[in-house]
Amino acid sequence: MLETLKIWWHQGKQWIPDVETTEVPGIFRGRPIIKAGVAVDEAMLLDLCPMDAIQTNPLAIDLGKCSFCGECAFACPDKIQFTKDFKLSHNLREGLVIKEGVDTPIRVDADKVRKEIRKTFGRSLKLRQVSAGGDGSCELELNATGNVNFDVGRFGIDFVASPRHADGIVLTGPLSENMAESFLDAYNAVPDPKVLILAGTDAISGGLFADSEAVKRSVLNDLHVDLYVPGNPVHPLTFVNGVLGLLGKMKH
Amino acid sequence: MKITNNQVVALADIERLTYNDFFMQACDALGNDAAHCVSYFALPEGEEEYLLFCYIANDETHDIELLCSKVNKNDELQSLTSQNLAIHPFEREIYEKYALNFIGHPWLKPLRYPHDRQAGGDIYDYPFYQIDSPELHRVGVGPIHAGIIEPGHFRFICEGEKIHHLEIQLGWQHRGIENLFVEKKKLLQRATLSENIAGDTVIGHATAFTNATEALAGWEAPEWLQVERAIALEQERIAVHTGDLSAICTDVAYQLGNAVFGRLRTPMINYMQKWCGSRFGKSLIRPFKTNFIFTEALAKDWEDTIAKYLPHFTEMAEQMFDLPSVLSRIERTGVVPTQLARTIGLVGMAGKASGLNRDVRTSHPWGAYKDMNYEPVVLQSGDVYARAQMRYKEILKSIQLIRDLIIRRRALGEQTKIENPQTKWTAKADSIVLSMTEGWRGMICHVAVTGADGDLRAYKITDPSVHNWLGLALAVRENGISDFPICNKSFDLSYCGHDL
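All values reported here derive from a predicted model rather than from experimental measurement. (Residues numbered from 1 in each chain as written. Chains lettered and ligands numbered in written order. Predicted model: local features only at pLDDT ≥ 70, side-chain atom pairs only at ≥ 80, totals over all residues. Heavy atoms only, no water.)

Q: Would you take a moment to explain the sheet that holds strand β10 (residues 227-229) of chain A for this structure?
A: Whenever strands of a sheet pair, they do so through backbone hydrogen bonds, lying parallel or antiparallel. Residue and element names in this part refer to chain A. As summarised here, the arrangement of the five strands in space is β7-β6-β8-β9-β10, forming an open sheet in which the pairing is parallel. Bordering the open sheet on either side are β7 (157-159) and β10, each of which pairs with just one other strand. Direction aside, the axes of adjacent strands within the sheet are offset by 25 degrees on average. Where strand β6 (residues 125-131) and β7 come together, three bridges link them in parallel fashion. Directly across from Leu125, in β7, lies its bridge partner Ile157. Against the sheet, helix α5 (residues 137-144) contacts β6, β7, β8 (168-172) and β9 (195-199), and its axis sits at roughly 140 degrees relative to β8. (Pairing = 2+ DSSP bridges. Helix = DSSP H or I, 4+ residues; strand = E, 2+ residues; numbered from the N terminus. Axes fitted to C-alpha atoms, helices over the stretch in contact; angles between N-to-C directions. Contact = heavy atoms within 4.5 Å.)

Pasting the structure below:
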């Protein structure tokens, strides 16, 4: 008993008091800034990007396709910089496209959030996670949202074991064809109203797997997506802030 | 022919045996207790013909036997699995992919339901083993699991609470990644793919891809870079093992261990983020170059991070392995005895916990490991306890390894750039290379085959999970079904790494 108390005492405080304003350690690659007025070889950038995430006219990075490898920033450090801003989530797919000359925070467009979402889930949101071809890293980061550091439970957000207990689905992975039917089963088992969150580059756009014959993304065509959370994998703070934004619970 | 890890061989130099000779020579090589099959696959050659490539590694002589045979689609091939059970996943893969006939395979079922399969049928129609008895019942779990974890289907046959039999059906995660290696032409795309084979083993798989790519190009990484890659691999091991100890505590309802190991994992993966910007080490390992040189500041940061981690980790681990309530759940639970482990071909951590000294770092070392006197941790009891202890002991070993590697790295001086970097895929034409690394889970094996144009013709990946899933299925026999989660976590196998 004394040993247990000693260990407990030695841990000190591990939780992150404010998940919105905390700083992540090191050289995290978050929201990019593409500087206007700096000349760059766009053809070279298009050829360089492994994810086809770079667009031209105007020059832009699609965070729904980006793997955050940073190669473009290494090639053109004066033009492209990745900041440590981990708030990357948006409720609209086009909200993930960061255009040249734009340096504003990414925030959920509150007007486009369905009215029943905030009314029904504002104080409690239970989620069921479905991995369909995910590589395991997004899944580990979603698990980490519940650990003592990020402690997403304090906001009334939790992952539950059954879709019947859930208010929504969090999809990871490019949606493998072999999982398409089971994914739909889980989605349909969630009572209405429900939310659908796509977590990670693979889930949002298919990533490098988008044109693989082994994936079947067409099952997403008829479903309403409430939140896109970019990352490869998503950082726990990106996910937590994204969901808080969706629910209208961000303080800053 | 006898080769070593990362040795490039011209396809024309490989003798094409008749299937009978191929079979006899494979049986002969596998007759040695230190030998095991690390890769075996078929490569289409023309309309109806296939080349079979089989790699058998001998951990004592440190060489690898490469056997090759040309067979026709309609040949009747005597199954190697009938002689050596550990071959079973490889023959199942060749069967479902190309519908080759293996005669005498005891369990010729689909392995992963690839989209381009020629045999195996529908994934919802898997031929599960059945026992007809009014005293038994079946329990189906998955493909979607209760936790935040990848999908797989488990079918138990139980008598009351006791598991008689477990069959594991995989394939749900299949993304066609081996084909994508060939279809995606940019080097950076292939490197990114290698990081996404199994997201919990980024460094392990990316290092195997990088070693294979550099070998094919005849490019040798400078020693300082080899040392840095080894530091990354050991750091990945420390991080995942720490997280696994947390999860093992969760599954025996030991909340303190779950919380403490869980929060101790955070600084370990955050260290990777400080190094390369990704908590999982994505973008750190690149063929022919590095974007993130291991600086003296990073070395000092690692020493500080470990100085804070180690006392808390040791205190927590000692308490965990001293608590009767934990020990009673993990001792003699999910046992795989040594002989069974050898028969089914366990590798890596699970193999070492069952008394098999299988560790690529010593048996077929590459890069910085060639000059290291590493003694693997080998335990005998083969139960959940041994697999948990394995994590504890390997973390301490890896910390020591990194300390030694940092000394080596410092002796090589601060570096600022690579002398001869490359950004494009270049490779010897019509060649084949096998590249093995020891990830935290165990032996990772990549085989790259190039065509006449020097581009990739085929890319084959074997995650350690392919060898070890059967180990989990056999470990839980005659255990209570409530102990299944803890057995599963103690193996912690990859679904996407298996399904590819």
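Q: Before we go on, may I ask you to explain the domain arrangement of chain B in this structure?
A: Often the size quoted for an interface is simply the accessible area lost on bringing the parts together. Residues and elements named next belong to chain B. The domains assigned to chain B are domain 1 (2-111) and domain 2 (177-499). The C-alpha-based centres of domain 1 and domain 2 are spaced at 26 Å. Counting residues at the interface gives 34 residues for domain 1 and 40 residues for domain 2. When the buried surface of domain 1 facing domain 2 is broken down by residue, Asn5, Asn6 and Val8 rank first, second and third, together holding 21% of it. Run the count over domain 1 and domain 2 and you get three salt bridges. Here Asp33 ties to Arg342 by a salt bridge, and the two come within 3.7 Å at their closest N and O atoms. Going through the elements one at a time, β2 (8-10), β3 (35-44), β4 (49-58) and α2 (88-98) are the ones with two or more residues in the side of domain 1 that touches domain 2. It is β3 that contributes the most residues to the side of domain 1 that touches domain 2, eight residues altogether. (Domains from an automatic or database assignment. Buried area = accessible area lost by both parts, 1.4 Å probe. Salt bridge = Lys/Arg side-chain N within 4 Å of Asp/Glu carboxyl O.)

Q: Whenever I open this one, the interface of chain B and chain A confuses me. Can you help?
A: Contacts between chain B and chain A engage 61 residues on the former and 66 residues on the latter. Summed over both partners, the interface of chain B with chain A buries about 5100 Å², with 56% contributed by carbon and sulfur atoms. Contact with chain A buries area across many residues of chain B, yet Ile144, Ile148 and Arg175 of chain B alone supply 14% of it, more than any other trio. Among the salt bridges present, the one from Glu141 of chain A reaches Arg279 of chain B, with a minimum N-O distance of 2.7 Å. Remark: the boundary between chain B and chain A carries 30 residue pairs in polar contact (both at pLDDT 80 or more). Sorting elements by how many residues they give to the side of chain B that touches chain A places helix α7 (residues 255-276) of chain B first, with 13 residues. Here the side of chain B that touches chain A is composed, by residue class, of 25 nonpolar, 20 polar and 16 charged. (Polar contact = N/O pair within 3.5 Å; in protein donor to acceptor, adjacent residues only side chain to side chain. Nonpolar A, V, L, I, M, F, W, Y, C, P; charged D, E, K, R; others polar.)

Q: I tried to follow the packing of helix α6 (residues 223-251) of chain B against α7 of chain B on my own but got confused; where do I start?
A: The axes of two packed helices give the description: the angle between them and the distance between them. Residue and element names in this part refer to chain B. Between α6 and α7, whose axes approach to 8 Å, the crossing angle comes to 160 degrees. Classified by the angle their axes make, α6 and α7 are roughly antiparallel. You can see that α6 and α7 cross each other, and the crossing is left-handed. In this structure, α6 contributes Glu228, Ile231, Ala232, Gln235, Ile238, Ala239, Thr242, Gly243, Leu245, Ser246, Cys249 and Thr250 to the contact, and α7 contributes Gly257, Asn258, Phe261, Gly262, Leu264, Arg265, Met268, Ile269, Tyr271, Met272 and Trp275. Partitioning the contact of α6 with α7 into residue classes produces 13 nonpolar, eight polar and two charged. (Parallel < 35°, antiparallel > 145°, perpendicular 65-115°, else oblique. Left-handed = near helix turned anticlockwise from the far one by under 90°.)

Q: Hey, could you run me through the environment of Gly413 of chain B in this one?
A: All names here are of chain B. Of note, Gly413 is situated in the loop between α13 (384-411) and β11 (431-438). Taking the relative accessible area as the measure of exposure, Gly413 reaches 25% and is therefore partly exposed. With 189 residues separating them along the chain, Gly413 and Trp224 place their C-alpha atoms 8.4 Å apart. (Buried < 20%, exposed > 50% of the residue type's maximum accessible area, 1.4 Å probe, protein only.)

Q: I keep staring at the pattern of salt bridges and nothing clicks. Help me out?
A: Should the charged atoms of two oppositely charged side chains come close, the side chains can pair. In total, this model carries 50 salt bridges over all chains according to the counting rule given. For the salt bridge of Lys84 of chain A with Glu23 of chain A, the shortest nitrogen-to-oxygen distance reads 3.0 Å. Residue Lys84 of chain A is found in the loop between β4 (80-82) and β5 (97-99), and its partner Glu23 of chain A is found in the loop between α1 (2-10) and β1 (32-34); the two are separated by 61 residues along the sequence. Residue Glu23 of chain A is classed as exposed on the basis of its relative accessible area of 62%. Residues Asp135 of chain A and Lys282 of chain B are paired through a salt bridge, measuring 2.9 Å at the closest nitrogen-oxygen approach. Taken together, the residues Asp135 of chain A in the loop between β6 and α5 and Lys282 of chain B in the loop between α7 and α8 (296-320) connect one chain to another.

Q: Could you clarify how one ought to interpret the nonpolar core in this entry?
A: If you look at soluble globular proteins, the nonpolar side chains tend to sit buried side by side. Core analysis: the biggest nonpolar cluster contains 106 residues, and Phe53, Tyr55, Trp275, Met320 and Ile432 of chain B have the highest contact counts within it. When residues of this core are sorted by domain, at least three fall in each of domain 1 (2-111) and domain 2 (177-499) of chain B. Residues in contact with Met320 of chain B, not counting those within four places in the same chain, are Leu245, Ile248, Cys249, Tyr254, Phe261, Val326 and Ala388 of chain B. In this structure, Val225 of chain A together with Ile123, Tyr459 and Ile461 of chain B belong to the second largest nonpolar core, which totals 74 residues. (Core = buried A, V, L, I, M, F, W, Y, C linked by side-chain atoms within 4.5 Å.)

Q: Would you take a moment to explain a nonpolar patch on the surface for this structure?
A: All names here are of chain A. Together, Met1, Leu2, Leu5, Trp8 and Trp9 make up an exposed nonpolar region whose accessible area comes to about 740 Å². Examined against the element boundaries, Leu5 turns out to sit in helix α1. Classification of Leu5 by relative accessible area gives partly exposed; the value is 42%. (Patch = residues over 30% accessible without salt bridge, like charges linked within 9 Å, V, L, I, M, F, W, Y side chains within 5 Å. Areas by Shrake-Rupley, 256 points an atom, 1.4 Å probe, with all protein chains shown as cover.)

Q: Honestly, the packing of α8 of chain B against α13 of chain B in this entry has me stumped. Any pointers?
A: All names here are of chain B. Contact pair α8 / α13: the axes reach a minimum separation of 11 Å and the direction vectors enclose 160 degrees. Classified by the interaxial angle, the pair formed by α8 and α13 is roughly antiparallel. The hand of the α8/α13 crossing is left-handed. Grouping the constituent residues of the contact of α8 with α13 by class yields 15 nonpolar, one polar and six charged.

Q: Please clarify how helix α15 (residues 484-491) of chain B should be interpreted in this entry.
A: Each α-helix winds once per 3.6 residues, and so residues spaced three or four apart point in a common direction. Residues and elements named next belong to chain B. Within α15, six of the eight residues are buried, which leaves the element mostly enclosed by the surrounding structure. Of the positions making up α15, those classed as buried are Phe484, Ile486, Cys487, Asn488, Ser490 and Phe491. Two residues or fewer after α15 comes Asp492, characterised by a positive phi angle close to 45 degrees.

Q: Explain the sheet that holds β4 of chain B here, please?
A: Residue and element names in this part refer to chain B. Reading across from one edge, β1-β5-β4-β3 is the order of the four strands in this open sheet, with antiparallel pairing throughout. What marks the edges here is a single partner per strand, and that holds for β1 (2-3) and β3. Taken together, the nine bridges between β4 and strand β5 (residues 64-72) define a ladder with antiparallel strand orientation. Bridging from a neighbouring strand, Leu51 pairs with Lys70 of β5. Here α2 sits on the sheet and contacts β3 and β4; the angle it forms with β3, its principal contact strand, is near 10 degrees.

Q: What exactly am I supposed to notice about a negative patch on the surface here?
A: Among the surface-exposed residues, Glu181 and Asp185 of chain A together with Asp122 and Asp125 of chain B lie close enough to one another that they form a single negatively charged patch. On the secondary structure map, Glu181 of chain A appears in helix α6 (residues 177-189). (Lys, Arg positive; Asp, Glu negative; His and termini not counted. Charge placed at Lys NZ, Arg CZ, Asp CG, Glu CD.)

Q: How should I be thinking about helix α8 (residues 236-246) of chain A in this particular structure?
A: Residue and element names in this part refer to chain A. The buried count for α8 comes to eleven of eleven residues, which makes it a mostly enclosed element. Of the residues making up α8, those classed as buried are Pro236, Leu237, Thr238, Phe239, Val240, Asn241, Gly242, Val243, Leu244, Gly245 and Leu246. Immediately downstream of α8, the backbone of Gly248 shows phi near 70 degrees, a positive value.

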